[in-house]
Amino acid sequence: MLYVGIDDTDSKCGMCTTYLAAVLAGRLEAFGLHGYPRLIRLNPNIKYKTRGNAALCLVLERGPADEVERIVVRAVEEYARFDDENTNPGVVIHEGEIPEDVRAFAIRVVRDVVDIQEALLLARRHGMRVHRFKNGRGVIGALASIGLDLYDHTYELLAYRMPGNYEKPRWLDRESVYRMDEATYPDTWDNVDLRNKVIVFSPHTPDPVLYGIRGNSPEVLVEARKMLVTEPAERSQIFITNQGTDMHLVEARIADVRNDRSYILKGFVCEEPRAIEGGHVFFKMEQAGACIECAAFEPTKNFREIVKKLIRGDEVRVFGSVKNGTVNLEKLEIVKLAELVKTTPPKCPVCGKSMESVGKDRGYRCRKCGAKRALPVFERVKRDLETGLYEVPPSARRHLAKQIIRIKEPWCRTHPGR
Ligand code: ATP
């Protein structure tokens, strides 16, 4: 097998490395494409990323490697946006089995922050062909795209625009998108955000992507595409991918959390939610004496309404990336609800009138007959919140975040956001 990994060819002003992979899938067809090209999402918190921190890998049945290398390097030179200082392409070509240390490196690139020297050392150790353009940072992603074990995977069909249309607004028949979504959900997902009434499978950025349908199988994606009425596509390509797998998340203790990584954390709400200007909602959770802030930012829309209902003592599990010491929530499991107790002034035991507070922690007194009483009436209030797993809506979903509908284990009640 011959593995071709590429990364970091695009810029915010245009291009997309998935497009280059789609072009290469055509140019390398004669070498026998083995399976679908791999669209690998890496650590979503990397500051160098253009958009979704993707890297691409094509797997070929045969060489010759020299010929493949020539074609790939020529394509990168042709398509990469070298004018952008943040575009630093990397190409890695590997022949044979995937070494164990390359697999271990790849999963770290999804979960951690790594160094370019480590990628270069590893590639050289295994005699891989490496091409660095400018500072060549793309080598990190290129190597990871080759090495990542897709122990869980989904598929995405990406359709690309006719180059002459790049400057124009995208044209898609909205009705056809909603019809396609209704007909294929839950085997496809995140095409539309029903609650917030937006189409989310088509970007608004100046790149060649017309739309991307995400789903469980290549077959459902092909069926879904047939239902769409859109501007003409120049080409389309199905990718196998680690999107929608939660591969970026690691279970950890709050005390061990580091910025720019993504976690599943367990604990108790220790500071109740508060909304700040701009509509962002924050609360704090605690575990074994360590405390961390969690955030549901404005783009998470209706998900914030769930978060706002948390109270001190609720047992929760949070899923998300940590930035500046704050967990950006992707999912929230409410494990156990704390009791919400309301206190009201007691009735006077002598005359039945409502008593009034004497002061904080100083009990109650009846205005009419002067009777005293120490305690208020405690009343349990029914919580307007169900336990279970909640997620941000499709319009705020991260590529790697696993959709609740993909979680098959019946270990808790689920509340899919749609
Ligand atoms: P593209 O479509 O070009 O891949 P992108 O949004 O995926 O755009 P890149 O432009 O590739 O982002 O930028 C990400 C850069 O960060 C790449 O050079 C990649 O090699 C590097 N990178 C990715 N993950 C990590 C990581 N975990 N640690 C360090 N560097 C990383």
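Within every chain, residues take consecutive numbers counted from 1 along the sequence as written. Two thresholds apply to this predicted model, a pLDDT of at least 70 for residue-level local features and 80 or more for giving and counting side-chain atom pairs, whereas whole-chain, interface and lining totals are computed over all residues. For side-chain calculations, the full set of non-hydrogen atoms in the structure is used, while hydrogens and water are omitted.

**Observations regarding the overall build of the protein chain**
In terms of helices and strands, the protein chain carries eight helices and 24 strands. In terms of principal-axis extent, the alpha carbons of the protein chain reach across some 100 × 50 × 40 Å. Each residue's exposure class comes from its accessible area (1.4 Å probe, protein chains only) as a fraction of the maximum for that residue type: buried when under 20%, exposed when over 50%, partly exposed otherwise. Sorting the 418 residues of the protein chain into buried and exposed places 52% on the buried side. Here the protein chain carries 66 positive and 59 negative side-chain charges, and the mean point of each set is 8 Å from the other. Strands here are runs of E lasting at least two residues and helices are runs of H or I lasting at least four, both read from the DSSP assignment and numbered beginning at the N terminus. Lys and Arg are tallied as positive, Asp and Glu as negative. Neither His nor the chain termini are counted. Just so you know, the charge point we use is NZ for Lys, CZ for Arg, CG for Asp and CD for Glu.

**Re the site of the ligand**
Neighbouring the ligand are 23 residues; D8, D10, T50, R51 and A54 lie closest to it. In this structure, an oxygen atom belonging to the ligand sits 2.6 Å away from a side-chain N or O atom of D8. Counting residues per element, the shell around the ligand draws most heavily on helix α5 (residues 138–147), at three residues. Among the residues making up the shell around the ligand, the classes are represented as eight nonpolar, eight polar and seven charged. Note on terminology: near, applied to a residue and a molecule or strand, indicates that one of the residue's heavy atoms is within 4 Å of it. In the analysis that follows, any N or O atom pair within 3.5 Å is treated as a polar contact, provided that within protein one partner can donate a hydrogen and the other can accept it, and provided that, for residues neighboring in sequence, both atoms belong to side chains. Only Asp, Glu, Lys and Arg are considered charged in this grouping, and only Ala, Val, Leu, Ile, Met, Phe, Trp, Tyr, Cys and Pro are considered nonpolar; every other residue, Gly among them, is considered polar.

**Describing the UniProt feature "domain: TiaS C-terminal zinc ribbon" (unreviewed entry) in the protein chain**
Mapped onto this numbering, the UniProt entry annotates "domain: TiaS C-terminal zinc ribbon" (unreviewed entry) at residues 345–385. From the first C-alpha to the last, residues 345–385 spans 26 Å; its make-up is 0% helix and 27% strand. UniProt positions are given in the numbering used here, feature names are shortened, and annotations may be inferred rather than shown by experiment.

**Topic: the pairing of strand β14 (residues 281–287)**
With five of seven residues buried, β14 lies mostly within the body of the structure. Two strands pair under a simple rule: DSSP has to find at least two bridges between them. Here strand β13 (residues 262–275) folds back onto β14, and the loop between the two strands holds five residues, one of which, G278, carries a positive phi near 95°. With seven bridges connecting them, β14 and strand β15 (residues 290–296) associate as antiparallel partners. Residue pairing across strands places F283 opposite C294, the latter belonging to β15.

**Here we look at the pattern of salt bridges**
Salt-bridge detection follows one rule: a side-chain nitrogen of Lys or Arg within 4 Å of a carboxyl oxygen of Asp or Glu. Taken as a whole and judged by the stated rule, the model has 37 salt bridges. We note a salt bridge from R418 to D181, for which the minimum N-O separation is 2.9 Å. A residue pair is termed long-range when its members are at least 10 positions apart, and R418 in the segment after β24 (414–415) and D181 in helix α6 (residues 174–184) qualify at 237 residues. A salt bridge links R398 to E330; the shortest N-O distance between them is 3.2 Å. Residue R398 is located in the loop between β23 (388–391) and β24, and its partner E330 is located in strand β17 (residues 326–336); the two are separated by 68 residues in the primary sequence.

**Structural notes on the layout of surface pockets**
Detection works on a 1 Å grid of protein atoms alone, calling trapped sets that fit a 1.4 Å probe cavities and calling open sets with protein on both sides within 12 Å along at least five of seven lines pockets, with lining residues defined by an atom within 4 Å of a point. Grid points are joined across faces, edges and corners, and a volume is the space filled by probe spheres set on the points. In this model, the second largest pocket occupies a volume close to 240 Å³. Taken together, 15 residues make up the lining of the second largest pocket; nearest its centre are Y3, H34, R38, V59 and L148. Split by residue class, the lining of the second largest pocket holds nine nonpolar, three polar and three charged.

**Observations regarding a nonpolar patch on the surface**
Any residue with relative accessible area above 30% and no salt bridge may belong to a patch, with like charges joined within 9 Å and the nonpolar Val, Leu, Ile, Met, Phe, Trp and Tyr side chains within 5 Å. Here, Shrake-Rupley sampling with a 1.4 Å probe gives the accessible areas, and only protein chains in the shown set may cover a residue. Residues V341, L375 and F378 make up a contiguous nonpolar surface patch of about 310 Å² in total accessible area. As for its position among the elements, F378 is in strand β22 (residues 377–381).

**Comments concerning empty space enclosed by the protein**
According to the stated counting rule, one finds one cavity of 30 Å³ or more in the structure shown. Looking at the largest cavity, its volume works out to about 50 Å³. Every residue along the wall of the largest cavity is listed here: Y185, W189, D190, E391, P394, R397, Q403, I405, P416, G417 and R418. In terms of residue class, the lining of the largest cavity is built from five nonpolar, two polar and four charged. Two domains each provide a minimum of three residues to the lining of the largest cavity, namely domain 2 (154–241) and domain 3 (249–337 + 383–415). Domain start and stop points were drawn from an automatic or database domain assignment.

**Details of the UniProt feature "domain: TiaS FLD" (unreviewed entry) in the protein chain**
The sites that UniProt annotates as "domain: TiaS FLD" (unreviewed entry) are residues 136–248. Helix makes up 27% of residues 136–248 and strand 27%, whereas the separation of the span's terminal C-alpha atoms amounts to 24 Å.

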